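Listed below, chain by chain, are the residues.
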Amino acid sequence: MIPRKLHLLPEHLYPADEWGIVETGYSKHWMGNAETIFALSNGFLGIRGNFEEGRPAIEAATFCNGFHETWPIVHAEEAYGFARTGQTIVNCPDATLMKLYVDDEPLYLPTARVTEYRRELCFNDGVLRRELNWSAPSGKQVRVKSSRLVSFEQRHIGAINYEVTIDTDAPVVISSQLLNRQDSKPIDEPSGNGMPDPRQARRFDRRVLNAKTHIDENLRIITGYRTSNSRMTLGVGIDHVVETENPWQSQTTWSEDLGKVVFTFDAHAGVPIRITKYFTYHTSRSVPAAELVDRASRALDRALRDGYEELETAQEAFLERFWARANVVVDAEPRVQQAIRWNIFQVCQAASRAETTGIPAKGLTGQAYEGHYFWDTEIYVAPFLTYTAPRITRNLLRFRHSMLDQARRRADELSERGALFPWRTINGEEASSYYAAGTAQYHIDADIAYAIKRYVEVRGDAELLCEVGAEILVETARMWTGLGFFAPDSGSFHIHGVTGPDEYTTVVNDNTFTNLMARCNLRYAEEVVSWMREERPKDYSRLLHETGLSEHEPIEWRRAADAMFIPYDSDRGINPQDANFLAKEVWDFKNTPVDHYPLLLNYHPLVIYRHQVIKQADVVLAMVLLGDEFSLEQKRRNFDYYDPLTTGDSSLSACVQSILAAEIGYEQKALEYFQYALLMDLANVAGNVVDGAHVASTGGVWMALTYGFGGMRDFQGKLSFDPRVPASWHRLSFPLRVHNSRLLVDLTHTTYRFEVIGGEPLTITVQGEELTLEPHKPVELAPKTPNLPLNPEA
């Protein structure tokens with residue numbers, strides 16, 4: 001991986017805190033990063049970490065998961081089967097604005113004299129708090145305290161508690177607003193070299209949200225919108241509770257793009273003004289805007305009835321339960337623990353209430369990648385959820401199933417059988433306009449099948465297979481047998497014209513990752529169908545009815561799987577990334593300027609495609625997901641070959657490289673890659689944290705800790721451990737949910753401790769020794785020296 005500059009948060013502004021992110025002063029330089037780092041979300045509703053004053057802001061935004069606008073994808077040269085419908089998550093009206101004026105002077109941080117300042121996001125209660133002292137131009141001292149949350153318990157509700165106290169009598173005005181920012185920016189934002197960055201979201205040159213109805217009465221404003229093209233509807237509202245002994249009055253006004261309640265106070269010295277602002281968002285693909293306005297009104301009624309303190313209490317209780325299931329403890333530098341918890345908290349925020357949607361690549365912290373769902377969910381986020389919050393994994397897999405009919409139509413459009421899921425999407429339609437690095441990534445089907453397999457094996461939830469899983473497995477297996485073919489000379493099964501995870505090598509034959517994952521998909525589909533036929537005949541009959549499955553199909557799947565061609569170069573002792581990868585010229589890394597990474601922003605795709613250069617782990621990822629198909633020595637040879645070719649231009653790479661480096665005994669490399677993954681956003685490794693958090697990388701951090709340094713593996717549903725705790729760490733501890741057991745793993749250099757802290761007995765394997773753990777009876781083992789391959793790093 002090409003070394004990346006770590007833009008570490010300065011300690012004088014962001015001191016270490018193991019349970020939160022603390023900011024001790026306003027900084028224009030770090031403001032964009034902070035908008036992402038301090039973002040709040042529950043998986044349905046997300047708001048960036050902008051100031052209540054609204055200015056300054058790099059990218060003020062509020063998102064509802066799945067709420068999107070569509071637009072026609074225009075290709076310079078058309079061809080049959082190209083993606084037609086673009087989808088972009090909508091920046092919803094902003095309900096966080098609370099503009100403060102004292103003596104008619106606004107609080108504006110870049111020019112204000114601020115004598116005290118502290119902003120803090122607490123991971124254990126999910127509340128963003130800020131407290132500052134503003135020395136106003138008149139000399140008056142103004143104390144401002146605010147706390148903000150997006151509720152985990154009440155999916156559609158958020159709130160701000162805003163308090164102002166002055167030391168001298170003065171007029172105080174607080175303008176609470178609901179602002180619809182109609183986007184008038186250029187359609188494509190340029191990158192640093194002036195070229196459009198394909199990772200950025202589309203900017204609309206026309207109106208997206210159209211007001212259809214509204215309420216503005218007393219201190220409440222609610223607006224119902226409908227999008228111009230997708231015809232989705234949105235209901236968004238605000239309401240307020242004022243607590244003060246100061247005389248006050250208010251004025252409520254509404255327009256299509258701005259609703260506001262302006263509070264005017266005759267403020268007295270030392271008498272606090274407290275306004276609690278509640279906000280709510282509701283979306284639909286079919287319900288009229290007026291009905292969503294009604295829903296919003298009811299949600300606000302409940303919020304006002306229960307009060308802000310109840311929201312905070314419920315938030316803290318929710319996160320107490322979450323951390324009991326998910327807290328990873330590392331006895332290392334405090335900043336390491338802080339960063340670990342921040343990453344895990346991001347997965348919590350991205351996934352917890354994503355109940356009828358997927359998880360966008362940026363969660364709800366930014367608009368990059370258009371708010372699309374990718375394979376990230378199944379491969380990088382689902383492992384964490386499966387072991388800590390399996391209900392969410394189940395919901396995500398059911399959401400994939402809801403797109404199955406569209407996937408069937410897409411497969412038919414591409415002259416294939418079965419179903420082909422979209423590479424990137426919100427509404428189920430393929431939204432990748434560049435097929436070589438989009439539609440050609442057929443491995444998305446196998447990734448979804450792999451997530452189903454892992455979930456069922458870890459959770460023991462066979463009902464998911466009968467409800468939705470088997471149908472997905474049947475249709476994805478059909479796709480592979482239709483896409484591939486048996487070679488007439490050798491009889492081996494080949495898959496041509498596909499792209500693997502490495503998007504710097506596209507439309508190739510026999511990509512090793514794709515073939516291995518397809519084989520896994522085919523075998524598992526055949527196993528599940530056979531099991532249903534024998535054990536669940538009623539569910540099997542329903543499956544036959546839904547899919548038209550014939551008796552010979554599972555036999556064909558097994559035949560294709562057993563004959564699957566897996567590239568292997570006997571001279572080098574490695575698996576070529578694809579059939580022709582090793583014939584290409586190696587990229588000239590030595591003479592590539594550092595500022596030319598990522599390559600995708602500085603070189604034509606054809607220049608990249610004709611070289612051995614890798615955007616992200618490909619064969620290495622296959623060895624992590626399907627590691628039981630490789631010997632340890634084979635893993636080392638493959639890693640040694642591909643590691644120098646991997647640029648790390650994707651945030652999905654470092655965590656995977658860390659896992660395999662740990663397994664083969666390359667401790668320093670494992671730690672180096674782990675640091676890149678851990679600090680991907682906190683140190684702006686990819687240079688684009690302002691565009692939102694890299695949610696797949698945050699899930700990958702958990703994977704690097706558990707699968708990498710914890711040495712955990714779950715092949716074929718059997719849980720095993722061969723730990724690799726780094727010498728610089730004194731301890732690594734993490735909880736897991738496996739079937740109906742809650743397991744606590746606690747690893748040091750002298751003792752491995754395993755305890756079932758709740759539920760049923762559990763059988764695991766530790767460094768080759770099988771253990772049956774009884775509840776509340778911890779077992780301690782002395783570590784054995786790992787049997788590592790030859791020639792590990794010094």
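These lines cover the structure that appears in this document, whether it is placed above or below. (Residues numbered from 1 in each chain as written. Predicted model: local features only at pLDDT ≥ 70, side-chain atom pairs only at ≥ 80, totals over all residues. Heavy atoms only, no water.)

1. Some details on the overall build of the chain
Next up, step 1: The helix and strand tally for the chain stands at 18 helices and 32 strands.
Next up, step 2: The C-alpha atoms of the chain give a radius of gyration of 27 Å, which matches the 28 Å a tight globule of 794 residues would have.
Next up, step 3: Its C-alpha atoms give the chain principal-axis dimensions of about 90 × 60 × 60 Å.
Next up, step 4: Counting every position in the chain, which comprises 794 residues, the buried fraction comes to 63%.
Next up, step 5: Of the contacts made within the chain by residues no fewer than 6 positions apart, 68% connect residues no fewer than 24 positions apart. (Helix = DSSP H or I, 4+ residues; strand = E, 2+ residues; numbered from the N terminus. Rg over C-alpha atoms; globule rule 2.2 N^0.38 Å. Buried < 20%, exposed > 50% of the residue type's maximum accessible area, 1.4 Å probe, protein only. Contact = heavy atoms within 4.5 Å.)

2. Re the sheet that holds strand β20 (residues 329–330)
Next up, step 1: Spatially, β20-β27-β28-β29-β32 is the arrangement adopted by the 5 strands of the open sheet, whose pairing is antiparallel. The sheet is open, and its two edges are formed by β20 and β32 (779–781), each paired on a single side.
Next up, step 2: Across 3 bridges, the pairing between strand β29 (residues 752–759) and β32 is antiparallel. Looking across to β32, one finds that R753 is bridged to E780. (Pairing = 2+ DSSP bridges.)

3. Comments concerning the environment of L601
Next up, step 1: Mapped onto the fold, L601 is located in the loop between β23 (585–586) and α13 (605–609).
Next up, step 2: C-alpha separation for the pair L601 and G32, spaced 569 residues apart in sequence, amounts to 21 Å.

4. Thoughts on the pairing of strand β27 (residues 732–738)
Next up, step 1: Within β27, 6 of the 7 residues are buried, leaving the element largely enclosed by the surrounding structure.
Next up, step 2: Bridging between β20 and β27 involves 2 bridges; their strand directions are antiparallel. Bridging from a neighbouring strand, V329 pairs with S733 of β27.
Next up, step 3: With 7 bridges connecting them, β27 and strand β28 (residues 741–747) associate as antiparallel partners. Within β28, the position partnered with L736 by the bridge is L743.

5. Description of the pattern of salt bridges
Next up, step 1: Tallied over the entire structure, the rule returns 59 salt bridges.
Next up, step 2: Across the salt bridge formed by D562 and R558, the nearest N and O atoms sit 4.0 Å from each other. Of the two residues, D562 and R558 both sit in helix α12 (residues 552–562), 4 residues apart, roughly one turn of that helix.
Next up, step 3: Note on R558: relative accessible area 26%, which makes it partly exposed. (Salt bridge = Lys/Arg side-chain N within 4 Å of Asp/Glu carboxyl O.)

6. Observations regarding the sheet that holds strand β4 (residues 62–64)
Next up, step 1: A sheet is described by the order of its strands in space; here 3 strands give the open sequence β2-β3-β4, paired in antiparallel fashion. What marks the edges here is a single partner per strand, and that holds for β2 (40–41) and β4.
Next up, step 2: Pairing analysis gives 3 bridges linking strand β3 (residues 45–47) to β4, with the strands arranged antiparallel. Within β4, the position partnered with G46 by the bridge is F63.

Keep in mind these numbers describe shape, not what the thing actually does.
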